[in-house]
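These are the residues of each chain, in order.
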There are 2 protein chains.
Amino acid sequence: MAQKVTPRSEDYSRWYTDVVQMAELADYAPVRGCMVIRPYGYALWENIQQGLDRRFKATGHQNAYFPLFIPMSFIQKESEHVEGFAPQLAVVTHGGGEKLEEPLVVRPTSETIINAMYAKWIRSYRDLPVLINQWANVVRWEMRTRLFLRTLEFLWQEGHTAHATEAEAREETLRILEVYRDFAESDAAMPVICGRKSESEKFVGAVESYSIEAMMGNGWALQAGTSHFLGQNFAKAFGTQFLSERNELEYVWQTSWGVSTRMVGGIIMVHGDDQGLILPPRLAPLQVVVVPIWRSEEEKAAVLETARQVQAALGTVRLKVDDREGLTPGFKFNDWEMRGVPLRLEIGPRDVAAGQVLSARRDRLGEGKEALPLAGLRERIPALLEEIQRALLERARRFREAHTAYPESYQELAAAVEQGFAWAWWCGSPACEDRVKEETKATTRNIPLEQPGGSGRCIVCGAEARQMAVFARAY
Amino acid sequence: MAQKVTPRSEDYSRWYTDVVQMAELADYAPVRGCMVIRPYGYALWENIQQGLDRRFKATGHQNAYFPLFIPMSFIQKESEHVEGFAPQLAVVTHGGGEKLEEPLVVRPTSETIINAMYAKWIRSYRDLPVLINQWANVVRWEMRTRLFLRTLEFLWQEGHTAHATEAEAREETLRILEVYRDFAESDAAMPVICGRKSESEKFVGAVESYSIEAMMGNGWALQAGTSHFLGQNFAKAFGTQFLSERNELEYVWQTSWGVSTRMVGGIIMVHGDDQGLILPPRLAPLQVVVVPIWRSEEEKAAVLETARQVQAALGTVRLKVDDREGLTPGFKFNDWEMRGVPLRLEIGPRDVAAGQVLSARRDRLGEGKEALPLAGLRERIPALLEEIQRALLERARRFREAHTAYPESYQELAAAVEQGFAWAWWCGSPACEDRVKEETKATTRNIPLEQPGGSGRCIVCGAEARQMAVFARAY
C-alpha cells in the first residue's frame, strides 16, 4: 500500500507536512529550522526559476551575484532596516580560526551590500537605470519554522534596481508586481490579489510595499511575492548618487522585489487535495506518467513497446514511463497521484490492440478515464495539459470566491476571517488594524489595486474610509 | 579612448585583474576576500552552468539543495576532513540575538551534511545509486585571494553520489571526469589533462582525487575541476548503510565532484590577449556585436535598418546591435574587443549598398576583415562561430604543446616549470614531490590517465618510476 496523507479536514497543517515529506519535496535538516530540498522539490523550484527568470530578462533585467556576508555596520546604516532585521540575524564572528574585527552578518536581504556597490558603479544618468536580479540563499533567524513557508535559510531571487526619477522607480515597482501576478496565474495557476501593504506590514526600509496574495486551501493567505518602492532611503544611507542631465548630484530612486521557495508551499496549498499534491502542468517536474500494465512477458513486451512509442511521440513533454517491476498498477497510480503528476496514461494489452491509451487527469480523480487514440497523442496531450492548467486556475478562482466575504460589521468580519478572505472598508489607522489582529488573528493582507471605488465606513471604527483592505489569517 | 589593459608581458597578474575589472566581469566587494560577480561575468557563469547541468542531467543526475549551515560536530566526524578544513572555516556563533549552543560552520563543502541525509534516506540497494548535484555558494577562509581564482566565497556545483559497489563508484568518478573534460574542451575551448592527484594534493577525506588541469597564458596550471572517489570514509563516519541484495548491511561507496567560478578565471587566462578578453562562442554572453557606422541621419536610418535585419535573421545567435550615440566606431571596436565578443560585424553605407557586412574575428585581430553577403548570414554566422570555437581550442593546444617539456634531469625540470608544464617520471614518493615544490614552487598537477607506458627513473631521486607526473606552477 502506498502511504496516505492525513486528510485536510482532520489536520490541515499535518496534511501539508505529510504532502511535503511523502511526495519527497523536502525534508528536515539536522540544523534547527533548516530544510533539505529534495530532487523532486528542487525540480519544481527550477521550473519556477525558469518561469520568473525568462520574464525578468524579457523586461530588461540581468543577473549578478553579491556576497553572502555583509559587514554589521552596513545593516545599521538604514535605521528602520536594522530595527526590523536585528532580531533575525545570523552572525559570523570567527573566520580562519581568528575572531573577526567586525562581525559579518549572513545576508537576510541584500539592499545594503548592493547599495555599497551601486554607490561605486553609478556616476551619471547615463549609467541608469541599473536593473539587476540575484538568485541566492538568505538567512533569517526564525523561531517557528515550517517546510518551504518559513525556514532559517531559504532560496529566492531579489531584484534591486536604481533609477533617475521617482516616477521610473514607481513604474518599475508595479511592472514587477505585474510580472509576479502573470507568473503566479499563468504558470502556477494561482490566482492572486495585487495590492499595497499597510504601513505596519511593509518592508523595513521601503516607502511602499506591494504584494501578491494567494488563498490557500484552508482559507488562509500567503504572501507569494513582494515588490518595494524604496524611494531614496538606501541611496541616502549609502550615498548612491548620480550626476543628472541638468548636471546636479542627485540620489537614485530604488526598488527591490522578491519571490522565494515559499512559492512551492503556496502551490502545494492552493492545489493539493486529500490524495496529495496536484501540480500545475507548466511547473510540474513530470507532466505525464505512463503506466504500462501487463501479466505475461509477452504482454509486457507489447505494452512497453507502445509506451516507448508514446514517449518518443511526446518528445517535448516531461514524461516518465513507470516500468518498475514488482509493484501493482494500483500502487503506481496512488504513488503518482500523491506526487501530483497532472496526467496519467495507462497502457494495457487491450489498449495496444485498440491503438489507444487510457488517460486519467489528476485534477479529476474519480471522474472516469478517457480513451485517447495513439494516432493523435502528439497534439492531444499538450492540449490536454493546457486544459488542466486552465482548469486548476479556474478551480482555485472559484474556491477563492466561495471563501471571500464582504462583511458589513465587525462581527461579520471576525466570522469571515475564520473562513477565508474578507474585503472591508478600512480607515487606514494602525489602531484599527491592530485591534483586528489582536482579536481575530487576521491582518490586512493588502489594499488591492483594483478598488470598487467610492467610499464607506471603516469596518472597525466607523470613520470614513476611502479604501477597502483584504483581511485574512496568513502564513 | 577606451581603457587599455596592462600587457601580459609587463605584468601577467595585473593584466588578469585589469581584464576582470575593465570587462566588468567582477569587482571587489567591501568584505575582505569576497567578490561581486557583475552581470557580464554572471552571464558567462550562467552559460557554464547550463553546459554542465545539461551534461549532469544527461548522465542521470538530479539537482537538490542542502543547508548552508553545518553543525561543527559534523565536520569533526571525518578525521582527515576536519584537519584539512579547520583553518578555513567561517563560524556562526550567534543567531537571533542569542549565542548558539553549538557553533555552525558555513559550508566549505557538503560531504558531511549530505551524508547525514543519505544515512536517513538510503535503506536498501533499491535506493541506490543516489546521483545528486547541488548548485551553491561555499565559503573557505583564504588569506590570499584573487578574483574568481580564489575568493572567500565562491559559487560552484558539488555532486555527491552513493553506490552499492566500489566498482560503480570508481566508474562514476571517471564518468564525471570525462564530463568535465568534454565540457572544458567542447564548450570552454580549454584543453585539459585528465589525471589522478598525488596523495599530498588530493581532497581531504577522499581515497583518490582526479582533476582536469589546464595551462594558463603564463604557463601556469589551473585545476579546473575535480572528481573524488571517497570510498567508504564518509559513509563510515555517518553510518550511511544499506541492506544489500544478499541481505547484509553494508556501507555505501561514494563520490563527490565540483567545478566552480574558478572556471571563469581559467577561460580568461587560456584565451585572453593584450587587447583583453577572448570568449569561446559557446559560452560567450554575446556571440556577435553589430556596429552600424554612419555620418548622416540618412545613412543612420539605412545602416540601422540593415542591422535590424541581420539581428532578425540571426534569431538564435546571442547578438547585440551597438547603436550607442556619441561614440566613434573605433571606440566601440576596442570596447567589444576588450570584452572578448568573438565576432564583430560592421555595417556602413557602402556595405548596405553592396548587400554585405564586414566581419572581424576577435581571435584574429589585425588579419583583415572579411565581407559576408547579407543573403547567406543565417547559415554563415553560426558556422563561423563554430570555426572560431575550434580555432580557439587548437590555438590553446598549440600553446600548451609549445610550453610543455619532457626534462631528463632535475635541472631541466627546474628550468621547464618556469616556462610551462613538465612531464617527468616520478617514483611516487612525497619526499621527491616536496623537494620540487620547495626548490621550484612547482607541484605535481596530476598523474595523467594517458601514460606513455613502460617505466623510467624518478626525475628527483633516480629510483624506478612507473608513472609520469605533470609538474607545474599552479594557481
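Please read all numbers here as calculations on a predicted model, not as lab measurements.

About the criteria used
Residues numbered from 1 in each chain as written. Chains lettered and ligands numbered in written order. Predicted model: local features only at pLDDT ≥ 70, side-chain atom pairs only at ≥ 80, totals over all residues. Helix = DSSP H or I, 4+ residues; strand = E, 2+ residues; numbered from the N terminus. Rg over C-alpha atoms; globule rule 2.2 N^0.38 Å. Buried ≥ 20, exposed ≤ 12 C-beta atoms within 10 Å, placed from the backbone. Domains from an automatic or database assignment. Pairing = 2+ DSSP bridges. Contact = placed C-beta atoms within 7 Å. Nonpolar A, V, L, I, M, F, W, Y, C, P; charged D, E, K, R; others polar. Least-squares fit on C-alpha atoms with pLDDT ≥ 70 in both. pLDDT = per-residue confidence, 0-100. Expected span 1.5 Å × (residues − 1). Axes fitted to C-alpha atoms, helices over the stretch in contact; angles between N-to-C directions. Parallel < 35°, antiparallel > 145°, perpendicular 65-115°, else oblique. Left-handed = near helix turned anticlockwise from the far one by under 90°. Right-handed = clockwise from strand over helix to strand, strands pointing away. Arc of directions from axis to C-beta.

Chemist: Looking at this model, I keep getting lost on the overall build of chain A. Mind explaining?
Modeler: The number of helices and strands found in chain A is 14 helices and 25 strands. Scaling as 2.2 N^0.38, a compact globule of 475 residues should have a C-alpha radius of gyration of about 23 Å, and chain A matches this with 25 Å. Overall size of chain A, expressed as C-alpha extent along the three principal axes, is 80 × 60 × 45 Å. Per-residue burial over chain A gives 50% buried out of 475 residues.

Chemist: Explanation requested: the domain arrangement of chain A in the structure shown.
Modeler: How big an interface is tends to be expressed through the accessible area that disappears when the partners come together. Domain boundaries assigned for chain A yield domain 1 (12-271), domain 2 (288-384) and domain 3 (404-472). Placing the centre of domain 1 of chain A and that of domain 2 of chain A at their C-alpha centroids yields a distance of 41 Å.

Chemist: What is the right way to look at the pairing of strand S9 (residues 192-196) of chain A in this model?
Modeler: The two faces of a sheet get side chains in turn, since along a regular strand they alternate between them. Residue and element names in this part refer to chain A. When you tally the buried positions in S9, you get 5 out of 5 residues, the bulk of the element. The two faces of S9 match: Val192, Cys194 and Arg196 on one face and Ile193 and Gly195 on the other face are all buried. As judged from the 5 bridges shared by S9 and strand S10 (residues 208-215), these two strands associate in the antiparallel manner. Residue glycine 195 lies in a different strand from S10, and its bridge partner there is serine 211. In this structure, S9 lies alongside strand S22 (residues 443-448), joined through 2 bridges in antiparallel fashion. Bridge pairing links glycine 195 to proline 448 in S22.

Chemist: How should I be thinking about the interface of chain A and chain B in this particular structure?
Modeler: Contacts between the two partners involve 40 residues from chain A and, on the opposite side, 40 residues from chain B. The biggest single contributor to the side of chain A that touches chain B is strand S5 (residues 90-95) of chain A, with 6 residues. Here the residues of the side of chain A that touches chain B are counted per class, giving 27 nonpolar, 9 polar and 4 charged. Pairing of S5 of chain A with strand S5 (residues 90-95) of chain B involves 5 bridges; the strand directions are antiparallel. Each bridged residue has a counterpart across the sheet, and for alanine 90 of chain A the counterpart in S5 of chain B is glycine 95 of chain B.

Chemist: Hey, could you run me through the relation of the copies chain A and chain B in this one?
Modeler: For these two chain copies, the linking operation is a rotation about an axis paired with a shift along it. Least-squares fitting of chain A to chain B yields an RMSD of 0.0 Å, with the superposition described by an axial translation of 0.0 Å and a rotation of 180 degrees. Taken together, the rotation angle and the small translation identify this as a two-fold axis. Closest approach to the rotation axis within chain A is made by the C-alpha atom of valine 92 of chain A, at a distance of 2.1 Å. A share of 100% of interface residues in chain A that are also interface residues in chain B marks the association as one of identical surfaces.

Chemist: What is the right way to read the environment of arginine 308 of chain A from this model?
Modeler: Residues and elements named next belong to chain A. For arginine 308, the location among the structural elements is in helix H9 (residues 297-313). Looking at arginine 308, the number of C-beta atoms within 10 Å reads 14, which means it is partly exposed. Taking C-alpha positions, arginine 308 is 9.8 Å from lysine 320, a pair spaced 12 residues apart along the chain.

Chemist: Is there a simple way to explain the sheet that holds strand S14 (residues 253-260) of chain A in this structure?
Modeler: The strands making up a sheet associate through backbone hydrogen bonding, with each pair oriented either parallel or antiparallel. Residue and element names in this part refer to chain A. Strand order in the open sheet made by the 11 strands is S3-S7-S8-S14-S11-S10-S9-S22-S25-S21-S20, with mixed pairing throughout. Here the strands that pair on one side only, and so sit at the sheet edges, are strand S3 (62-63) and strand S20 (404-405). As judged from the 2 bridges shared by S20 and strand S21 (residues 421-426), these two strands associate in the parallel manner. By the bridge assignment for S21, threonine 404 is matched with phenylalanine 421.

Chemist: Please clarify how the confidence of the model for chain A should be interpreted in this entry.
Modeler: Any region with low pLDDT has predicted coordinates that should not be read closely. Residues with a pLDDT of 70 or more make up 100% of chain A, whose mean pLDDT is 97. Taken together, the chains of this predicted complex give a pTM of 0.97 and an interface ipTM of 0.97.

Chemist: It is not clear to me how helix H2 (residues 39-58) of chain A should be interpreted in this structure. Could you clarify?
Modeler: Spacing of three or four residues puts side chains on the same side of an α-helix, whose turn is 3.6 residues. Residues and elements named next belong to chain A. Taking 1.5 Å per residue as the helical rise, H2 with its 20 residues ought to reach 28 Å, and the 28 Å between its terminal C-alpha atoms agrees with that figure. Those residues of H2 not exposed but buried are Gly41, Tyr42, Ala43, Leu44, Trp45, Ile48, Leu52 and Phe56. After H2 finishes, the residue glycine 60 shows a positive phi value of roughly 90 degrees.

Chemist: Would you explain the packing of H2 of chain A against helix H6 (residues 166-187) of chain A in this entry?
Modeler: All names here are of chain A. Across the interface, H2 lies against H6 with an axial gap of 10 Å and an inter-helix angle of 140 degrees. Relative to H6, the element H2 lies oblique. Handedness of the H2/H6 crossing: right-handed. Across the interface between the two elements, Gly51, Leu52 and Arg55 from H2 touch Val179, Asp182, Phe183 and Asp187 from H6. Partitioned by chemical class, the residues of the contact of H2 with H6 number 3 nonpolar, 1 polar and 3 charged.

Chemist: Just checking my understanding: could you explain the pairing of S21 of chain A for this structure?
Modeler: All names here are of chain A. The buried count for S21 comes to 6 of 6 residues, which makes it a mostly enclosed element. Burial along S21 is two-sided: the face carrying Phe421, Trp423 and Trp425 and the face carrying Ala422, Ala424 and Trp426 are both buried. A crossover connection joins S20 to the parallel S21 through helix H13 (residues 410-419); in handedness this β-α-β unit is right-handed. Here 5 bridges tie S21 to strand S25 (residues 467-472), and the two strands are oriented antiparallel to one another.

Chemist: What's the story with the sheet that holds strand S14 (residues 253-260) of chain B in this structure? I'm lost.
Modeler: Residues and elements named next belong to chain B. Taken in spatial order, the 11 strands make up an open sheet running S3-S7-S8-S14-S11-S10-S9-S22-S25-S21-S20, and their pairing is mixed. A single partner strand is all that each edge strand has here, and the edge strands are strand S3 (62-63) and strand S20 (404-405). As paired strands, S3 and strand S7 (residues 130-139) are joined by 2 bridges and run parallel to one another. Among the inter-strand pairings, glutamine 62 is bridged to a residue of S7, identified as isoleucine 132.

Chemist: When you look at the environment of proline 407 of chain B in this model, what are you seeing that I'm missing?
Modeler: Residues and elements named next belong to chain B. Here proline 407 is to be found in the loop between S20 and helix H13 (410-416). For the pair proline 407 and arginine 295, spaced 112 residues apart in sequence, the C-alpha to C-alpha distance is 60 Å. With sequence-adjacent residues up to four places away left out, proline 407 is seen in contact with Glu412, Leu413, Ala416, Ala422, Ala424 and Ile459.

Chemist: What is the right way to look at H13 of chain A in this model?
Modeler: Residues and elements named next belong to chain A. What H13 keeps buried is the set Leu413, Ala416 and Val417. End-on, the buried residues of H13 take up no more than an arc of 95 degrees, which puts them together on one face. Of the surrounding elements, those touching the buried residues of H13 are S20, S21, helix H14 (430-440) and S25.

Chemist: How should I be thinking about the environment of glutamate 80 of chain A in this particular structure?
Modeler: Inspection of the secondary structure assignment puts glutamate 80 of chain A in helix H4 (residues 79-85). Counting along the chain gives 123 residues from glutamate 80 of chain A to phenylalanine 203 of chain A, while the straight-line C-alpha distance between them is 9.3 Å.

Chemist: In this structure, what is going on with unusual backbone geometry? I would like to understand it.
Modeler: Note: most residues except glycine have negative phi, and most peptide bonds are trans. Residue and element names in this part refer to chain A. The step from leucine 128 to proline 129 runs through a cis peptide bond, and the omega angle for that step is -5 degrees. In this structure, proline 129 sits in the loop between helix H5 (111-121) and strand S7 (130-139). Even without being glycine, phenylalanine 148 reaches a positive phi, approximately 70 degrees. By the element assignment, phenylalanine 148 lies in the loop between S7 and strand S8 (153-163). By C-beta crowding, phenylalanine 148 is classed as buried, having 26 other C-beta atoms within 10 Å. The backbone of lysine 441 sits at a positive phi, close to 70 degrees, despite the residue not being glycine.

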